[in-house]
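# Analysis of the macromolecular model
These are the residues of each chain, in order.
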Amino acid sequence: MGRRRTSVAGQLLEEARSIEVLLDELSPSTQVMEEYWKVSLELIDLVARIEELSKTPGIDGSSESYLSLRGRLSSIESRILSLERDVGEA
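What counts, and at which threshold
- Residues numbered from 1 in each chain as written.
- Predicted model: local features only at pLDDT ≥ 70, side-chain atom pairs only at ≥ 80, totals over all residues.
- Heavy atoms only, no water.
- Helix = DSSP H or I, 4+ residues; strand = E, 2+ residues; numbered from the N terminus.
- Buried < 20%, exposed > 50% of the residue type's maximum accessible area, 1.4 Å probe, protein only.
- Salt bridge = Lys/Arg side-chain N within 4 Å of Asp/Glu carboxyl O.

Once that is clear, we can look at the overall build of the chain. Looking only at helices and strands, the chain features three helices and zero strands. Each helix (α) and strand (β) of the chain, taken in turn from the N terminus, gives the series α-α-α. Expressed along its principal axes, the backbone C-alpha trace of the chain runs to roughly 45 × 30 × 15 Å. In the chain, buried positions account for 29% of the 90 residues.

When their charged atoms lie close together, side chains carrying opposite charge are able to pair. On inspection of all chains with the given rule, the structure shows seven salt bridges. For Arg17, the salt bridge goes to Glu20, with nearest N and O atoms at 3.2 Å. In this pair, Arg17 and Glu20 are both assigned in helix H1 (residues 8-24), three residues apart and thus about one turn of the helix distant. Accessibility expressed as a relative area gives 21% for Glu20, which makes it partly exposed.

Here it is in structure tokens:
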């Protein structure tokens, strides 16, 4: 039996879930707590939008909605990595 191919939206959702794990592993200091919760809420919203996108037939890696969500996910990931550095320095 062959492996089922994951859609681009499914792949994006998997990446978002991995980023959620990264965020969950942080122990933010009080100095970055506000940013931590802001990023958390944005990630929750983004995951919901990716789940909606995954129900849309025919979405590919060049669709505007996919590229927009991909950009938001990259931005959130960068912010989490920045928070991680701030936590490490505290």
